[in-house]
Amino acid sequence: MLHLMQSLDRRWIYLILSIVLIVALIVGKPVKPVVLPSVQSLFDAVEKAPAGPTDGKIILVSTTFANNTIGENGNQARAVFRHLMLRHKRFAVLAVSEPVGAEIGRIIPTSLAKRYGYVYGRDWIDFGYQVGTLAFFKSFPLDIPGNVKVDAVNHKPLDQYEIMRGIKTIQDNVALHIELTASASLFDWMMIVQPMTRPRLKIGYGCTGVMAAEAYPYLDSGQLIGMLPGLKGAADYERLVDELEMRLKPGITADQLSFASIPRISLYHSARYLMFAQNAAHIFVILLIILGNLGMFLTKRQAKPVSKEAAND
Amino acid sequence: MIHQFRHYLHDHLATINSTPHFLLAIAASIVVFAIVMTLLHRTSSQFKKWLTIVCTFAAGLFFFLEYVLPVHKLKSGGEGNVITPFVEPVSNYIQYVLIWTIFLGLISLAIVHGRRLFQRQPGWHNSLAFFLAMLAMLVTGFATRVGVTGLTGLKISYDSLFSGFLLNLDAAMFALLAFYIASAAYRAFRVRTVEAALLMISALIIMLGFVSFGVSLTSWIKPHSGWAYFRIENISLWLLNWVNMPGQRAVAIGVQVGAVAMALRLWLSLERGAFFSKES
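Residues numbered from 1 in each chain as written. Chains lettered and ligands numbered in written order. Predicted model: local features only at pLDDT ≥ 70, side-chain atom pairs only at ≥ 80, totals over all residues.

### Observations regarding the overall build of chain A
Then, number 1: Across its full length, chain A carries 13 helices and six strands.
Then, number 2: Taken over 313 residues, chain A has a buried fraction of 49%.
Then, number 3: Counted over contacts in chain A with a minimum sequence separation of 6, partners at least 24 positions apart contribute 76%. (Helix = DSSP H or I, 4+ residues; strand = E, 2+ residues; numbered from the N terminus. Buried ≥ 20, exposed ≤ 12 C-beta atoms within 10 Å, placed from the backbone. Contact = placed C-beta atoms within 7 Å.)

### Quick look at the interface of chain B and chain A
How big an interface is tends to be stated in terms of the accessible area lost upon association of its parts.
Then, number 1: Every contact between the two is made by 41 residues of chain B and, on the other side, 42 residues of chain A.
Then, number 2: The biggest single contributor to the side of chain B that touches chain A is helix α6 (residues 152-188) of chain B, with 13 residues.
Then, number 3: When the residues that make up the side of chain B that touches chain A are grouped by side-chain class, the tally is 25 nonpolar, 10 polar and six charged. (Nonpolar A, V, L, I, M, F, W, Y, C, P; charged D, E, K, R; others polar.)

### Describing the packing of helix α4 (residues 70-86) of chain A against helix α11 (residues 230-248) of chain A
Residue and element names in this part refer to chain A.
Then, number 1: Between α4 and α11, the least distance of the axes is 8 Å, while the angle of their chain directions is 25 degrees. If you check the angle between α4 and α11, you find them roughly parallel. Once α4 is placed against α11, the crossing between them reads as left-handed. Of the residues in α11, those touching α4 at G71, E72, N75, Q76, A79, V80, R82, H83 and L86 are G230, L231, G233, A234, Y237, E238, V241, L244, E245 and L248. (Axes fitted to C-alpha atoms, helices over the stretch in contact; angles between N-to-C directions. Parallel < 35°, antiparallel > 145°, perpendicular 65-115°, else oblique. Left-handed = near helix turned anticlockwise from the far one by under 90°.)

### Some remarks on the confidence of the model for chain B
Residues and elements named next belong to chain B.
Then, number 1: Of all residues in chain B, 88% have pLDDT values of 70 or greater, and the mean over the chain is 85.
Then, number 2: When mean pLDDT is taken per element in chain B, helix α9 (residues 232-267) scores highest with 93 and helix α10 (residues 274-279) scores lowest with 54.
Then, number 3: Scored by ipTM, the complex comes to 0.81, with pTM at 0.83. (pLDDT = per-residue confidence, 0-100.)

### Examining the nonpolar core
Residues and elements named next belong to chain A.
Then, number 1: The biggest cluster of nonpolar side chains holds 93 residues, and the ones touching the most others in it are I58, I59, V61, V80, F91, A92 and Y237.
Then, number 2: Looking at this core element by element, the count peaks at 11 residues for helix α13 (residues 271-312).
Then, number 3: If you count residues domain by domain, this core takes at least three from each of domain 1 (2-25 + 273-312) and domain 2 (34-266).
Then, number 4: Apart from the residues within four sequence positions on either side, V80 is in contact with V61, I178 and Y237. (Core = buried A, V, L, I, M, F, W, Y, C linked by C-beta atoms within 7 Å. Domains from an automatic or database assignment.)

### Some remarks on the domain arrangement of chain A
All names here are of chain A.
Then, number 1: As assigned here, chain A comprises domain 1 (2-25 + 273-312) and domain 2 (34-266).
Then, number 2: Each of domain 1 and domain 2 has a C-alpha centre, and these two points are 41 Å apart.
Then, number 3: The interface is formed by four residues belonging to domain 1 together with six residues belonging to domain 2.
Then, number 4: Among the residues forming the side of domain 1 that touches domain 2, the class breakdown is three nonpolar, one polar and no charged.

### Description of the pairing of strand β1 (residues 58-64) of chain A
Residues and elements named next belong to chain A.
Then, number 1: Burial analysis of β1 places seven of its seven residues in the buried class, which makes it a mostly covered element.
Then, number 2: Of the two faces of β1, the one lined by I58, L60, S62 and T64 and the one lined by I59, V61 and T63 are each fully buried.
Then, number 3: Examined bridge by bridge, β1 and strand β4 (residues 174-181) share seven bridges and lie parallel to one another. Residue pairing for β4: S62 is matched across the bridge by E179.
Then, number 4: Note that β1 and strand β2 (residues 91-96) share four bridges and pair parallel. Its bridge partner being in β2, V61 is matched across the sheet by V93.
Then, number 5: Between the parallel pair β1 and β2, the chain is carried across by α4, and the sense of this crossover is right-handed. (Pairing = 2+ DSSP bridges. Right-handed = clockwise from strand over helix to strand, strands pointing away.)

### Notes on the sheet that holds β4(A)
Residues and elements named next belong to chain A.
Then, number 1: Taking strand neighbours across the sheet as the criterion, the six strands line up as β3-β2-β1-β4-β5-β6 in an open arrangement whose pairing is parallel. Each edge of the open sheet is held by one strand with a lone partner, namely β3 (124-130) and β6 (226-229). Neighbouring strand axes in the sheet, compared pairwise and without regard to direction, differ in orientation by 15 degrees on average.

### Quick notes on the confidence of the model for chain A
Residues and elements named next belong to chain A.
Then, number 1: Here chain A averages 88 in pLDDT, while 92% of its residues score no lower than 70.
Then, number 2: Averaged over each element, pLDDT in chain A is lowest for helix α12 (residues 258-261) (48) and highest for strand β5 (residues 203-207) (97).
Then, number 3: In this model residues 259-268 is a low-confidence stretch, pLDDT under 50, and it forms 19 contacts with partners more than four residues away in sequence or in other chains.

This is the structure in structure tokens:
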């Protein structure tokens, strides 16, 4: 038994984890997480960003991730876009050096636009895929329309769109940049673009869970205004957006929000819903760790008297 | 359909003057490139080695000087020095090289899988799947981009392939990590030493701080009381901000110092890779 506790076959672990996840996804409910300070900071920065229809500024959102991290980055993107649309902040989407991210960055706002009455070209625009060379990062901040030239949806020059009137540089016309990524693309924005602006461009960061630990120094230094760490960050942000939506639309109930109104089979439409499954998986991992250590301690305890006897012999 | 394709090319190559002169320039470029490559191919290994060293040093010097030379207001807008206007064309050159590598990759894949398919080697059905998948994404993706009217089936196919197939397969592959992590955590987090105990306790606190169940364990402590520091989510944040952050900073500084040393070795061609060792 003690041996089994210490060396459980990995196939049993895989099977039990599968069952835990499937059950959690079927019977789970949206969690109400305690919001991290870094998530609250980003939420507040979006609230304060002067990117309304008459402010002459936009918010840039980079969807520099592919399908493999859509569970984390995709849910972050959905929560951020919902917030921008709720507060009627004008925004542009782009994906630097990530062609699949450009596709995802178009799909998510398009799917939300109708619900929030957002019009393409007036309230938001898609810059699409951009090649992430040093030259791009050096020249894009100085001349946005000159570098992007045409939008990614209709392939028309940017000056034909209402949202782009008067938009020229990051210094003058970008209120906030939100980098949702699974790669090191944040460093291009922090090392090349941010020093080109005075005051420094505000950057929000959405990353995968494993990338979060290394970003804390940049939060502390103020280079990042806020951060969404993995699915937890997405769920926290979603909670804040859900509460805001219920405040702004007094008639709306929790059931009418995105996470509750969708069929259960469409799982990735709510980070709070998925967080329930992640919680279950974390608890399972914690139990496994305890089980392994308990087995080890009990084995040692049993072995000690035997070794003493052996020493006497 | 051909008309739409021509229209698409016209739209996307609008910045290029598609006159006979332009076509002649392309042809001339290809001929010059072929001649230069042929001549280079005939040179000695020693010459190629020195040419690589000189080009590497010149490229490094270009970006180094662009970074360190004093800046002033540029006529084209913004700030920069005498080298800054050339950064864009030089950086674009990197893209041309990358585009060639994509072609090389495609050719290499086609050769490997084509050989396996036609010779009916073991696993030939995987090669067939590779060709079918590539062809399907190429045709439907390109048709969607061009905007071929009357072929809505292709658009639907592309959406099905991308959103319904690739997206979920890619996400599923990555999700397998959860199973490996669970198994690895079970085997690795054993309290055999003091360091291992510290690591395990930290990991457990951070995991508990991120899940609702963990937070509920200490939710009886009032959030604004003097004891609030002992709530699991606050201990978790303390670990991240006061233990993890200095560690990350130290690692980052160490890595960057190492990167500078490595960059210097590459720039001055002190780093000998497989190429030079094989040639010499």
